[in-house]
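Overview (structure and organization)
So the chains spell out like this:
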Amino acid sequence: LGRIPLACRSLLIEFNGIKILCETGIGAFFEPKLAERFGVQTPEKHLLLENLKAAGHSLESINYVILSHLHFDHAGGLLPTYQEMQKGNKDLVFPNAKFIVGATAWERALHPHSRDKASFIPELTDKLKNSGRLIVIPEDPLPKELSERIEFLITEGHTPGQMHTLFKGDKQKVFFCGDLIPGRPWVHLPITMGYDRFPEQLIDEKANVYVRATKEDWLLFYTHDPEAAASH
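The text that follows walks through the structure, step by step, so that each part is easy to find. (Residues numbered from 1 in each chain as written. Predicted model: local features only at pLDDT ≥ 70, side-chain atom pairs only at ≥ 80, totals over all residues. Heavy atoms only, no water.)

1. Points about the sheet that holds strand 7 (residues 162–168)
Across the sheet, 5 strands lie side by side as 6-7-8-9-10; this open sheet has mixed pairing. On the outer flanks of this sheet lie strand 6 (150–155) and strand 10 (230–231), each paired with one strand and no other. Where strand 9 (residues 219–221) lies against strand 10, 2 bridges are found, and the strand directions are antiparallel. Following the sheet pairing, Leu220 is matched in strand 10 by Ser231. (Pairing = 2+ DSSP bridges. Helix = DSSP H or I, 4+ residues; strand = E, 2+ residues; numbered from the N terminus.)

2. Some thoughts on the packing of aromatic side chains
Where two aromatic rings form a pair, the distance of their centres and the angle of their planes describe that pair. On inspection of all chains with the given rule, the structure shows 7 aromatic pairs. In this structure an aromatic cluster arises from ring pairing among Phe29, Phe30, Phe38 and Phe72. (Phe/Tyr/Trp six-rings, centres within 6.5 Å; stacked < 30°, edge-to-face > 60°.)

3. Describing the pattern of salt bridges
Per the stated rule, a full pass over the model turns up 8 salt bridges. For Asp170, the salt bridge identified is with Arg149, shortest N-O distance 2.9 Å. Of the two residues, Asp170 is situated in the loop between strand 7 and strand 8 (173–176) and Arg149 in the loop between helix 7 (144–147) and strand 6; the sequence distance between them amounts to 21 residues. Bridged by salt links that share partners, the residues Glu151, Lys168, Lys173, Arg212 and Glu216 form one connected network. (Salt bridge = Lys/Arg side-chain N within 4 Å of Asp/Glu carboxyl O.)

4. Quick notes on the side chain of Gln162
Topologically, Gln162 is positioned in strand 7. At 2.7 Å, the side chain of Gln162 and the backbone nitrogen of Asp179 are in polar contact. Gln162 has contacts with Ser68, His69, Leu153, Ile154, Thr155, Cys177, Gly178, Asp179 and Leu180, leaving out every residue within four places of it along the chain. (Polar contact = N/O pair within 3.5 Å; in protein donor to acceptor, adjacent residues only side chain to side chain. Contact = heavy atoms within 4.5 Å.)

5. Here's the deal with the state of the cysteines
Under the criterion given, the structure shown has 0 disulfides. Considering cysteine sulfurs only, Cys177 is the nearest to Cys22, which forms no disulfide, with 11 Å between them. Judged by relative accessible area, which is 1%, Cys22 ranks as buried. (Disulfide = S-S within 2.5 Å. Buried < 20%, exposed > 50% of the residue type's maximum accessible area, 1.4 Å probe, protein only.)

6. What to know about unusual backbone geometry
In this chain, Ile137 is followed by Pro138 through a cis amide linkage whose omega measures 5°. Inspection of the secondary structure assignment puts Pro138 in the loop between strand 5 (134–137) and helix 7. In this structure, Glu23 takes a positive phi of about 65° despite not being glycine. Assignment of secondary structure puts Glu23 in the loop between strand 2 (18–22) and helix 1 (32–37). Its relative accessible area of 2% is what places Glu23 among the buried residues. We note that Asp217 has phi near 55°; this positive angle belongs to a residue other than glycine. Looking at where Asp217 falls in the secondary structure, it is placed in the loop between helix 8 (199–216) and strand 9.

As structure tokens, this is what we get:
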């Protein structure tokens, strides 16, 4: 079918008693025919929620969810499983979390182009807006408890306003690549995805990121690499 294996990986950051989830993966919200179309391997299991619980983290304990952009394979995990939604459970799955998204990415989700309209979940923006827990950067200030550890970098090549999280740990800086660098094959500068809005711009953005990443020895975290979570 011309498919390649891809992960939909999230990053959990924990410091000073604060738990931040960078994205939520694809989740299990797809109706069966769409899950089959996209080759979802575990269509009835919300693996992110299962893995969090297995690692000792309750859904209620997540304080923030940072969304680089709102494509379904990065934000679908905010929704319950398809089976649960069919039974009437349509609430966002992290009941105490505040949701952080960039203003341009948010606007794109509200008013997508015909080229990428199918990449968004129509009802998700309403759920986020109605939650009363949405933080839109920079229109809303970044919470002070995050400001010393979190920095955001914006790229436009993949989708307008993709917001990358740079976490500044005591000994290591970790850069959430999102779809700028989906995995190790895309580290090579000329390689881009067919989904990318402006491939040449994305290549330039990668080059700019590498200058600082090399100088500051960042660990690059990959959302879509099926084998490696991160590399230098």
